[in-house]
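# Topology and contacts: notes
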Amino acid sequence: MARDMIRDILAREKPGGPVTVQGWARTVRAQKHVIFMQLNDGSCLADLQAVVAEDHPDFAALRVIGAGAALEVTGELAESAGKGQRFEIMADQITVHGDADPTAYPLQKKRVSFEVMREKLAHLRPRAKTFGAVFRVRNALSHAIHTFFQDRGFVWVHTPIITASDAEGAGEMFRVTTLDPVAPPRTQAGDVDFGKDFFARPTFLTVSGQLEAELYALALSNVYTFGPTFRAENSNTSRHLAEFWMVEPEVAFCDIHGNMDLAEAFLKHLFRTVLDDCAEDMAFFNQWIEKSTCKTLEHIVESPFERLTYTEAVDLLERSGEKFEYPVSWGKDLQSEHERYLCEKKIGRPVIVTDYPKDIKAFYMRLNDDAKTVRGMDVLVPRLGEIIGGSQREDRLDVLERRIDECGLDPSHYWWYFDTRRFGSVEHAGFGLGFERLVQFVTGMANIRDVIPFPRTPNNADY
RNA sequence: UCCGGCUUAGCUCAGUCGGUAGAGCAAGUGGCUGUUAACCACUGGGUCGGCGGUUCAAAUCCGUCAGCCGGAGCCA
C-alpha cells in the first residue's frame, strides 16, 4: 500500500479508510489492554497516534517498542476516542523496521537542552520537535527566496566557492591548498611557493559572491546569488558561523531607491510566506521559543518601511534624550542599541538608514556628491537590528580606483572588476542577507548554531 | 580574541567549613479503567570536563588547557 504522509492525513476532513503511515515513535504508552504509539514522519510538527488493541497478535512484543523506533503502521483512520487529537489509526499491520534500544536512545520523553543536542546529538536532533520545525521553516524560506526572485525574472548565478580575490577585505579567509602542510615548496626567499599550488596562486573559500554577481548583473540585468560563504574569524557568539549561507541580489540600471524598494518587498514576501505556509511550526515557535515572533513578522509585513539618512538618524538619536551605553556622534557606526532604539521606540516599524560616512563603509559603495558619504543602506528591524546591508555600487572607474587606494587594497586583484566600469558601466545596486540570521529572526531561536543542520564554528566540525 | 559565569548519573541540577556523592526526570522490572511529557511501586546507574599542583585527605583550594553560556569586538 502506498505511504500516506501524516501532514496529509491530518488535513483530511473526515476519518475513514485504510491508511499506511511510516515514521518514528515519539513516545509509546503501553497499558494492560491497549498501547498508544505516537508517530512522527517529519512532514509536519504534529504526531499521529496509532492504537494497538489487546487482541493484536503481536500485542506483547509491541509493548516493549521504545521511543525512536522506525515503524510502519497500516489500519483504519478513525475519529479519536480520546481527547487531544481528531484522528488516530486503529493499527492492523505493524512492521518494526528498526528498533531503538531504550537504554541507549538519548531522545527519550524528557527535556534535552539545545546545547546538548548541538554538541552531543547533532546527528539525532532533527528528530526533536523544535529542530524539525526549524528545518521545515528554513526550507520554506529558501523556497520563498527563489520564488521571489524567479517571479521577478532574476537569474540565479552560481558564484564560485573557491576564489583568488579577497572580495572586500572583510574578514579572515580559509585558505584552499593541496600543498604538503609539513614540507611545502619554498621560493628562494624562503616563503611558501603558492605558484606550485593547485591553482598556481593563493586561493581561498569565498567570503561573498557580490563582486562576481555584479559582473553578471552588468549583462543579465537582474541576478541573485544564494549559496555558502565562509569566514575564518574567531567569533564565538550566538550570531556567527564559520560557514553560512548568503543571499545577494544585484540589479543593473538601479539606484539606491530601487534597491530599498526591492529589499522591502523581499522581506515582506518572506515573512508573509512563512506566516501563511508554516502556520503550525510558527505557532510552535511563538508559544515555546519567542512569544513575539508572529506579531513582529505581521507588523513588518503591514508597515511601510521608514527611510532616513545616516545624518538624520544621528540627529534623531542625539535629540532623543535617551542614554546609550555607547554615545552617538556623526562619523561613528551605529551600535545595535541605536538601531533597535530607532525602529522599536522612535519610529515603531522597520527603518532603512542610507548615506553613511564613507570611512565606515566598503570601497565599492557609490560616493555621494558631498564626498563624505556613500550610498550604503542598512535595513533595521525590531528585536534584531540590521538584517540587510546593501548599497548602490560605485560605477565610475576613476572614483573606484581612488577608493580602492584609500582603503589600502591592491588594485591588481581587481582588474576584472574595473573592466565592468570601463566597458558599458551603469548605475547598479544590490544587498546581502545572511540566511541563518533570517531563519533565527523568523523562528526566534536564540543561537545561530541551532538553525543550520551542521554548524561550523571555531573548534567544532565533528559532524 | 577580550571580560564575566559555568562544566557533578543518560538529562536538569544540589553538594555547607576540604573528610571520598545526592534529588527529580529518563531508563529497567512489576502493576494499571483510552492514554496525551500517562499514572503507581520498586531497582540499577558516577574516572565530579582534561592535565598538573597544595594537603594526611580535593567535586570543593591554586595553576593551566578545552568546551559551553552571557556580553563585547569583528561582521552576515
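No experiment lies behind these values; they were computed from the predicted model shown.

Moving on, we come to the domain arrangement of chain A. Once the domains are mapped, chain A shows domain 1 (6-109) and domain 2 (127-172 + 207-450). Between the C-alpha centres of domain 1 and domain 2 there is a distance of 45 Å. If you look at the interface, domain 1 gives eleven residues, while domain 2 gives eight residues. In this assembly, domain 1 packs against domain 2 so that about 820 Å² is buried in total across both faces, 51% of it on carbon and sulfur atoms. Per-residue buried area on domain 1 facing domain 2 is highest for Arg26, Leu45 and Leu107; these three make up 58% of the total on that side. At the boundary of domain 1 and domain 2, one finds five residue pairs in polar contact (both at pLDDT 80 or more). Within the side of domain 1 that touches domain 2, the residues separate by chemical class into six nonpolar, three polar and two charged.

Moving on, we come to the protein's contact with RNA strand B. Among the 47 residues in the neighbourhood of RNA strand B, the closest are listed as Lys83, Arg118, Asn234, Arg437 and Asn459. Of all RNA strand B atoms lying within 4 Å of any protein atom, the proportion belonging to sugar or phosphate reaches 53%. In this structure, Thr27 approaches RNA strand B through a side-chain N or O atom, which is 3.3 Å from a phosphate oxygen. In this structure, a base oxygen belonging to RNA strand B sits 2.7 Å away from a side-chain N or O atom of His240. At the level of elements, β1 (18-30), β2 (34-40), β5 (87-98), α3 (114-119) and β11 (243-252) are the ones that each hand at least two residues to the surface near RNA strand B. Broken down by element, the surface near RNA strand B gets its largest block of residues, four residues, from α3. Broken down by class, the residue content of the surface near RNA strand B amounts to eleven nonpolar, 19 polar and 17 charged.

Calculation notes
Counting restarts for each chain: residues are numbered from 1 in the order of the written sequence. Each chain gets a letter, beginning with A, and each ligand a number, beginning with 1, in the order they are written. Only residues with pLDDT of at least 70 get local features here, since the model is predicted, and only at 80 or more are side-chain atom pairs given and counted; chain-wide, interface and lining totals rely on the full set of residues. Note that water and hydrogens are dropped before the side-chain values are worked out from all heavy atoms of the structure. All the domain ranges listed were derived from an automatic or database domain assignment. In this description, contact between two residues means that some pair of their heavy atoms is separated by no more than 4.5 Å. Using a 1.4 Å probe, buried area is obtained as the accessible area two parts lose upon being combined, added over both of them. Any pair of nitrogen or oxygen atoms within 3.5 Å is treated as a polar contact; in protein, a donor-acceptor pairing is required on top of that, and neighbouring residues in sequence qualify only through side-chain atoms on both sides. Residues are grouped as follows: Ala, Val, Leu, Ile, Met, Phe, Trp, Tyr, Cys and Pro are nonpolar; Asp, Glu, Lys and Arg are charged; all remaining types, including Gly, are polar. Neighbouring residues are identified by heavy atoms, a residue being near a molecule or strand if any of them is within 4 Å of it. Secondary structure follows DSSP: runs of H or I at least 4 residues long count as helices, runs of E at least 2 residues long count as strands, and numbering of each begins at the N terminus.

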